[in-house]
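Chains, contacts and geometry: an overview
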Amino acid sequence: MTSRLDRIAQQRRQKLDRIRGRGINPYPKYHRGHTTQQAIALLKQQEASDAAETPVVNLAGRVMASRLMGKISFLDIRDGSGKIQLYFRSDLLGQDDLKLLKDIDIGDIIGVSGKLFRTKSGEPTLEVKDLTLLAKSLQPLPEKWHGLSDIDKRYRQRYLDLIANTEAKEIFHVRSQVITAIRQFLNGRGFIEVETPVLQPSAGGALARPFITHHHALDQDFYLRIAPELHLKRLIIGGFDKVYELGRIFRNEGISTKHNPEFTMLESYETYADYNDVMAMVEKMVAEISQQVLGKDEVEFGGNTINLKPPWSRLELRQAIKEYSGIDFDQYPDADSLRAEMEKKNMEVDPQKDRGRLIDELISTFVEPNLIQPTFLLDYPVEMSPLAKSKPDNERLVERFEAFAGGMEIANAFTELNDPIEQRQRFLRQQKERQTEDETVETVDEDFLLALEYGMPPTGGLGVGIDRLVMLLTGQQSIREVILFPQLKEKP
């Protein structure tokens, strides 16, 4: 039995055949003169100057509404800048255009030209004299084209989401502006933007499971990078003082409202700086970006008003975990004793996790949900941070912070470890721990260790999750709302 949508699609193909039968190319080239918003601005300019001459423009856009009323008809079209109303009078249109108008459907893309005016109700309107079909939409837009609400469909067919939901489109405008503002901020501080390899021979720079691929010409396995860190540090060793990269990162791990296997990361490195300098830069950067893009330094997120103005709160990790969970991890120097204490709190604990990952679980379970206002968590155990420099007064802790806001992590930073001997020892310990999970993953980057032996200056490094930052600034609770094409499981 033919469905209603199938019948509509069939009718649209019949209209397409009729249009072709009249010798009209339904997919021609076209050059528009103005966007809809430029046209409206031109009308306002004419009204302000009280000029007698009515502006004449040619526009193009997708038909989003249709009101046919005999000799008079109205259509609404939308382009990338906004929408405008079109007014059709049968006595102004030629016979060919009148016939074409009857075959125009919601979703079609058209070009129009004519004079601008304002209706009695004050609506900016184009009085159409010429009509051109630019692309026939053979599939109908969703029933409620003014607001596509099927979540799965919105993500799988993002183009429909962008057509139907102006709010979704605005999120991605903001995302683009945020990335531009980050570049301007860092460039203004003397950083230079660089690019490093996505395909890497070792999975270093972070504790994460990588994606593995095979290079046929080299007959060698490579990993999609889990972090650009080790290559960016090579550039610091090579003599660059300040570098950053905005790029895609790939981690073969879970999917959630805060995690996508492919995401965008900012990483920056500055010589002769430590994590205190980086903290000051992060709080200043986020506040300035919010002010530049949104015009304010307060945002609404999860029912809370979050104040991004510096200075942000600073809280020692040990004290935070103790306050929110009742566990002082200093009292449990190994994984077994810490695991036993966590089980007393009715936590289900993976017996394979080492002490560092157990502490990370305490953070995510007890601490993170409570950090609504921007907060830096400071000074992590060394086993959680193999690339960070130890604190001078406590070798068991490193100079690392994570930045949280809205109950989620948005940034991570170190005073970078630049001792090649200590770095090798930590890599080897990390490799041993990782091999219990996946024996195929190589984490010891010998070339980076060799580079480090030539000397790396004291350096402050930073990683910012761009997707989560955009979530915070746009008030979105799911990372899928701020990624144009999130990973989804194939439908059976």
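Residues numbered from 1 in each chain as written. Predicted model: local features only at pLDDT ≥ 70, side-chain atom pairs only at ≥ 80, totals over all residues. Heavy atoms only, no water.

Some details on the packing of helix α9 (residues 317–325) against helix α11 (residues 355–367)
The packing of two helices is summarised by the inter-axis angle and the distance between the axes. α11 packs onto α9 with a crossing angle of 55° between their chain directions and a minimal axis gap of 9 Å. Relative to α11, the element α9 is oriented oblique. With respect to the hand of their crossing, α9 and α11 are arranged in left-handed fashion. Taking contact as the criterion, the partners of Leu317, Ala320, Ile321, Tyr324 and Ser325 in α9 are, on α11, Ile359, Leu362, Ile363, Phe366 and Val367. Here the residues of the contact of α9 with α11 are counted per class, giving 9 nonpolar, 1 polar and no charged. (Axes fitted to C-alpha atoms, helices over the stretch in contact; angles between N-to-C directions. Helix = DSSP H or I, 4+ residues; strand = E, 2+ residues; numbered from the N terminus. Parallel < 35°, antiparallel > 145°, perpendicular 65-115°, else oblique. Left-handed = near helix turned anticlockwise from the far one by under 90°. Contact = heavy atoms within 4.5 Å. Nonpolar A, V, L, I, M, F, W, Y, C, P; charged D, E, K, R; others polar.)

What about helix α1 (residues 4–21)?
Helix length check: α1, at 18 residues, gives a terminal C-alpha distance of 26 Å against a target of 26 Å (1.5 Å per residue), a fit within 8%. Those residues of α1 not exposed but buried are Ile8, Ala9, Arg12, Lys15, Leu16 and Ile19. Down the axis of α1, the buried set is contained in an arc of 115°. They therefore lie on one face. Exposed side of α1, more than 90 degrees from the buried face: Asp17 and Gly21 are the residues found there. In this structure, the buried residues of α1 make contact with α3 (95–102) and β5 (124–135). (Expected span 1.5 Å × (residues − 1). Buried < 20%, exposed > 50% of the residue type's maximum accessible area, 1.4 Å probe, protein only. Arc of directions from axis to C-beta.)

Details of the nonpolar core
Val178, Ile182, Leu186, Leu266, Phe401 and Leu472 are the most contacted members of the largest nonpolar core, which totals 46 residues. It is helix α8 (residues 275–294) that provides the largest number of residues to this core, a total of 9 residues. Not counting chain neighbours up to four residues away, the residues in contact with Val178 comprise Ile289, Val293, Leu469, Val470 and Leu473. In terms of nonpolar packing, the next biggest core, distinct from the first, is built from 40 residues, Leu230, Tyr269, Leu358 and Tyr380 among them. (Core = buried A, V, L, I, M, F, W, Y, C linked by side-chain atoms within 4.5 Å.)

Points about the sheet that holds strand β7 (residues 199–200)
Spatially, 3 strands are ordered β7-β9-β8 in an open sheet, and the strand pairing comes out antiparallel. Each having just a single partner strand, β7 and β8 (211–215) make up the two edges of the open sheet. Looking at chain direction, β7 and strand β9 (residues 220–224) are connected through 2 bridges and run antiparallel. By the bridge assignment for β9, Leu199 is matched with Leu224. (Pairing = 2+ DSSP bridges.)

Focus on the packing of aromatic side chains
Scanning all chains against the criterion turns up 5 aromatic pairs. Aromatic side chains Tyr87 and Phe117 sit 5.7 Å apart centroid to centroid with 70° between the ring planes, which places their arrangement in the edge-to-face category. Placement of Tyr87 in strand β3 (residues 83–89) and of Phe117 in strand β4 (residues 109–118) is noted, with a sequence separation of 30 residues between them. Taking the relative accessible area as the measure of exposure, Phe117 reaches 27% and is therefore partly exposed. Considering the side-chain rings of Phe376 and Phe401, the 4.9 Å spacing of their centres and the 70° angle between planes classify their relative orientation as edge-to-face. In this pair, Phe376 sits in strand β15 (residues 375–381) while Phe401 sits in strand β17 (residues 394–405), placing the two residues 25 residues apart along the sequence. (Phe/Tyr/Trp six-rings, centres within 6.5 Å; stacked < 30°, edge-to-face > 60°.)

Topic: the pattern of salt bridges
Counting across every chain of the model gives 38 salt bridges. Glu193 is the salt-bridge partner of Arg183, the closest N and O atoms lying 2.8 Å from each other. With Arg183 in helix α6 (residues 166–188) and Glu193 in strand β6 (residues 192–193), the pair connects residues that are 10 residues apart, well separated along the chain. Its relative accessible area of 29% is what places Arg183 among the partly exposed residues. We classify Glu193 as partly exposed; its relative accessible area is 36%. Here Arg426 and Glu422 are joined by a salt bridge, their closest N and O atoms 2.9 Å apart. In this pair, Arg426 and Glu422 both sit in helix α12 (residues 420–435), 4 residues apart, roughly one turn of the helix. Look at Arg426 and you get buried, because its relative accessible area is 3%. Since its relative accessible area comes to 24%, Glu422 is described here as partly exposed. Here the salt bridges share partners, and the residues they tie into one network are Arg12, Lys15, Asp105, Asp108 and Lys136. (Salt bridge = Lys/Arg side-chain N within 4 Å of Asp/Glu carboxyl O.)

Thoughts on the sheet that holds strand β1 (residues 56–69)
Remark on secondary structure: sheet strands pair via backbone hydrogen bonds, oriented parallel or antiparallel. Spatially, β1-β2-β3-β5-β4 is the arrangement adopted by the 5 strands of the closed barrel, whose pairing is mixed. On average, adjacent strands in this sheet sit at an angle of 55° to one another, irrespective of strand direction. Here strand β2 (residues 72–78) runs beside β3; their pairing, made up of 7 bridges, is antiparallel. Across the sheet, residue Asp76 finds its bridge partner in β3, namely Gln85.

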